[in-house]
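Chains, contacts and geometry: an overview
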Amino acid sequence: MDSSGKRQLVPRRTVRRLRVLALAGALAVAGCTAGDPEQPPAATEEAPAVLLSDLAAGQREVLAGSGSETSVAMSRALFERSPVAVVFARHDDEGYARTDAGLGPAASAAAGLHVPLLVLGPGGAGLAEVTAELDRLDVETVVGYGDPAADWPVLRGEREMLAGPMTVADFSSSLRLPATAVGVGPDAIVASVSALESEALQVLDVTQPESPAAPSSSPPGDLSDPATTDVLPEFRAPDQPSPALVLATATSTPASLATARAAGAEVQVLPDGDPRSTPAAVRAVHAHAQAPILAVGDGFGPADRFTARVGAAATGVELPGGGQTVFPGRRMVALYGHPSGPSLGALGEQDIDATMARVRELAAQYQPFSDEPVVPALDLIASVASSDPGPDGDYSNETPIDVLEPWIEAADEAGVYVILDFQSGRTDFLSQVRRYEELLARPSVGLALDPEWRLAPDQVPLEQIGTVGAAELNATSTWLADLTRDRALPQKLFMVHQFRVDMISGREDLDVSRSELAITLHADGHGTPGEKLETWGALQGVMPRGIWPSWKNFYDEDKPMLTPAQTYTLIDPKPWLVTYQ
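Residues numbered from 1 in each chain as written. Predicted model: local features only at pLDDT ≥ 70, side-chain atom pairs only at ≥ 80, totals over all residues. Heavy atoms only, no water.

As a further point, take the environment of Pro 573. Of note, Pro 573 is situated in the loop between helix 16 (564-570) and strand 23 (577-580). A residue is classified by how much of its surface remains accessible, and Pro 573, at 35% relative accessible area, is partly exposed. For the pair formed by Pro 573 and Gly 537, sequence separation is 36 residues and the distance between their alpha carbons is 9.6 Å. Once residues lying within four places of it in the same chain are set aside, the contact partners of Pro 573 are Trp 536, Gln 540 and Pro 549. (Helix = DSSP H or I, 4+ residues; strand = E, 2+ residues; numbered from the N terminus. Buried < 20%, exposed > 50% of the residue type's maximum accessible area, 1.4 Å probe, protein only. Contact = heavy atoms within 4.5 Å.)

Take the environment of Gly 446 next. Within the secondary structure, Gly 446 is located in strand 17 (residues 445-449). The class of Gly 446 is buried, set by a relative accessible area of 0%. Residues Gly 446 and Asp 421, spaced 25 residues apart in sequence, show a C-alpha to C-alpha distance of 8.8 Å. Beyond its immediate stretch of four places on either side in the chain, Gly 446 contacts Tyr 417, Val 418, Ile 419, Leu 420, Leu 440 and Leu 493.

It is worth spelling out the pattern of salt bridges at this point. Per the counting criterion, the structure on display carries 21 salt bridges. Of the charged contacts in the structure, one is a salt bridge between Arg 514 and Asp 482, with a shortest N-O distance of 2.9 Å. Of this pair, Arg 514 sits in the loop between strand 20 (504-505) and strand 21 (517-523) while Asp 482 sits in helix 14 (residues 470-486), and the two are 32 residues apart along the sequence. As a salt-bridge pair, Arg 500 and Asp 502 come within 3.1 Å of each other at their nearest N and O atoms. Residue Asp 502 is classed as partly exposed on the basis of its relative accessible area of 44%. Three or more residues joined by partner-sharing salt bridges are found here, namely Asp 482, Arg 485, Asp 486, Arg 514 and Glu 516. (Salt bridge = Lys/Arg side-chain N within 4 Å of Asp/Glu carboxyl O.)

Here Glu 516 takes part through its side chain, which lies 3.0 Å from a polar atom of the side chain of Arg 514. For Arg 514, the contacting residues outside a window of four places in its chain are Thr 478, Ala 481, Asp 482 and Arg 485. (Polar contact = N/O pair within 3.5 Å; in protein donor to acceptor, adjacent residues only side chain to side chain.)

In terms of burial, helix 2 (residues 103-113) is a largely internal element, 11 of the 11 residues being buried. Those residues of helix 2 that sit buried are Leu 103, Gly 104, Pro 105, Ala 106, Ala 107, Ser 108, Ala 109, Ala 110, Ala 111, Gly 112 and Leu 113. The first or second residue beyond helix 2 is His 114, which carries a positive phi of 65 degrees.

Within the secondary structure, Glu 405 is located in helix 11 (residues 401-414). Judged by its relative accessible area of 22%, Glu 405 is partly exposed. Sequence spacing of Glu 405 and Leu 439 is 34 residues, and the spatial spacing of their C-alpha atoms is 7.7 Å. Excluding residues within four positions of it along the chain, Glu 405 makes contact with Glu 438, Leu 439 and Arg 442.

Here the focus is the side chain of Arg 331. The topology assignment puts Arg 331 in strand 13 (residues 331-337). At 2.8 Å, the side chain of Arg 331 and the side chain of Glu 372 are in polar contact. Contact partners of Arg 331, with chain neighbours within four places excluded, come to Ser 370, Glu 372, Pro 373, Val 374, Val 375, Tyr 568, Lys 574, Pro 575 and Trp 576.

By the definition in use, this model includes nine aromatic pairs. Judged by centre distance (6.4 Å) and plane angle (75 degrees), the rings of Tyr 366 and Tyr 580 are edge-to-face. Within this pair, whereas Tyr 366 is found in helix 10 (residues 352-366), its partner Tyr 580 is found in strand 23, the two being separated by 214 residues in sequence. The exposure classification of Tyr 366 matches that of Tyr 580, with both residues buried. Following the ring pairs from residue to residue traces out a cluster consisting of Tyr 366, Tyr 555, Tyr 568 and Tyr 580. (Phe/Tyr/Trp six-rings, centres within 6.5 Å; stacked < 30°, edge-to-face > 60°.)

Closest axis-to-axis distance for the helix 1 (residues 67-78)/helix 7 (residues 254-262) pair is 8 Å, and the angle between their directions is 15 degrees. The angle between helix 1 and helix 7 falls in the class roughly parallel. Between helix 1 and helix 7 the crossing geometry is right-handed. Residues Thr 70, Ser 71, Met 74, Ser 75 and Leu 78 of helix 1 form the contact with helix 7, whose own contacting residues are Ala 255, Ser 256, Thr 259 and Ala 260. Here the residues of the contact of helix 1 with helix 7 are counted per class, giving four nonpolar, five polar and no charged. (Axes fitted to C-alpha atoms, helices over the stretch in contact; angles between N-to-C directions. Parallel < 35°, antiparallel > 145°, perpendicular 65-115°, else oblique. Left-handed = near helix turned anticlockwise from the far one by under 90°. Nonpolar A, V, L, I, M, F, W, Y, C, P; charged D, E, K, R; others polar.)

Model confidence for the protein chain is summarised by a mean pLDDT of 90, while 89% of its residues fall at 70 or above. Across residues 1-41 the pLDDT falls below 50, and counting only partners more than four positions away or on other chains, this stretch makes 89 contacts in the model. With pLDDT under 50 throughout, residues 212-218 is counted as low confidence; its partners more than four residues away or in other chains account for three contacts. (pLDDT = per-residue confidence, 0-100.)

Moving on: the sheet that holds strand 7 (residues 160-163). If you trace the four strands from one edge of the open sheet to the other, you get 5-4-6-7, paired in parallel fashion. Sheet topology places strand 5 (117-120) and strand 7 at the edges, where each strand pairs with a single neighbour. The mean angle between the axes of side-by-side strands here comes to 30 degrees, regardless of whether they run parallel or antiparallel. The pairing of strand 4 (residues 84-89) with strand 6 (residues 141-146) spans six bridges and is classified as parallel. Bridge pairing in strand 6 links Phe 88 to Tyr 145. (Pairing = 2+ DSSP bridges.)

Now for the nonpolar core. When a protein is soluble and globular, its nonpolar side chains tend to lie buried together. Ranked by size, the top nonpolar core spans 69 residues in total, and within it Leu 78, Val 86, Leu 117, Leu 134, Leu 155 and Val 246 carry the most contacts. The dominant element in this core, judged by the number of residues it contributes, is helix 2, at seven residues. Core analysis: the second largest hydrophobic core is formed by 57 residues, Ala 382, Ile 504, Trp 536 and Tyr 580 among them. (Core = buried A, V, L, I, M, F, W, Y, C linked by side-chain atoms within 4.5 Å.)

And the structure:
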């Protein structure tokens, strides 16, 4: 024993020098409180090496389950062999408790050493799986963290075990890893682990906020008793980093992300489980389109949905305002109308270039009142209800595609989203919409349906208010969602107009399950602010879950028309899309 009463460890195997990172001679981290450690000699070619898995270029996989399950799954996915592994034994299953303070240093050790981090769940959950993974990796030495009461002898078997260091000084002396100390709260642990860099290593100290009601916390566990050595064997780091991209959310298990960083994989933390949701995510997936892409957490959904979303993001095409999901990453303000002239709305009051300038200026008026970017849009009428039955007898005039194309192309160049709007008369919406497939196949073109002009076989426009059933809306939305999925397009806006509850029958049966679409029900009645807000309240009272509410302002018919500030402050909930007619 030393003067402090602690026993001196004598390894069962011949003590070998610590392996050296490829750039160990160049490592010098400013502010390291332990000083610069003596640089170890370069590892010999005979020293065992960490080998990474040779993943298929197009591999797409969701790693879901407990912390133990995802840690093992990530290790299996990225590592073929590792002479050393870090194992973290959790005390409890209630978040990141103070008694699990070893989580941060364990993640730092794995990233710094370029080796996997495996997790034992509370009460030894996952012991068999973790032990089997250590065997598969041919691990010789375990660096242990966490609960001293875990079954370390069974897990260790014939391997050596080193008690994992907790401080910068101990990282220097035990692992020969220069590092700096950084305190992080539980809410920041995922982001902090995802950003770990071996060349500028941080030892993460996971702290808990003070709470009078919280039980007193225990210090990190002392693993000196189950430890058998105080040095690591010589081994070589991987020759090249993993080409994989790993996607995570705030609820992803940190250990699996530490293993990803240990392999050199890039980790992107997303606000939700959708790789289309942010510009950064889309650009990262696009950059790794030919590489393996993994995701950690149940929130990424089943494999087929994840694969489809990654396929869309891999194109790199983004919506105006960035990313590939319509909401909640942006709000929209649109001019409504038809290219033929002003009689159908504000869009036709000026030429194409002037329209783009006008709608961009209009959207800018809303920006001071929104935390989200406000994107300009066109609500472009594609078919117009008519008192004349026309050659096909449907009382709807379809606008030629070559009339609409210049508007869509100009909008694309100006960063303006386009919504094609249909007044289908006596024909069903889907039959008419399919004629415009080539336009709807463009990334920044969505779809709107106007039930006011959906007529029964014996009806004509302006003699009654039209209606549509949920089944017809669902048939159209399913077609659009399939088109979006099959062509790997960004999410599309699917809008249905309404100013009376009875304009949509069976609204409780509306299918909002397709993530290829952002569905909005659009309150487009005119009148006084009080009348419109009363209608808004009635429509919100029957709004199905999963719908994004939207609103219309009328330049002439509203008495008076709400200002941008009023539109975003008086209307609750704040509309995601505001159109102007």
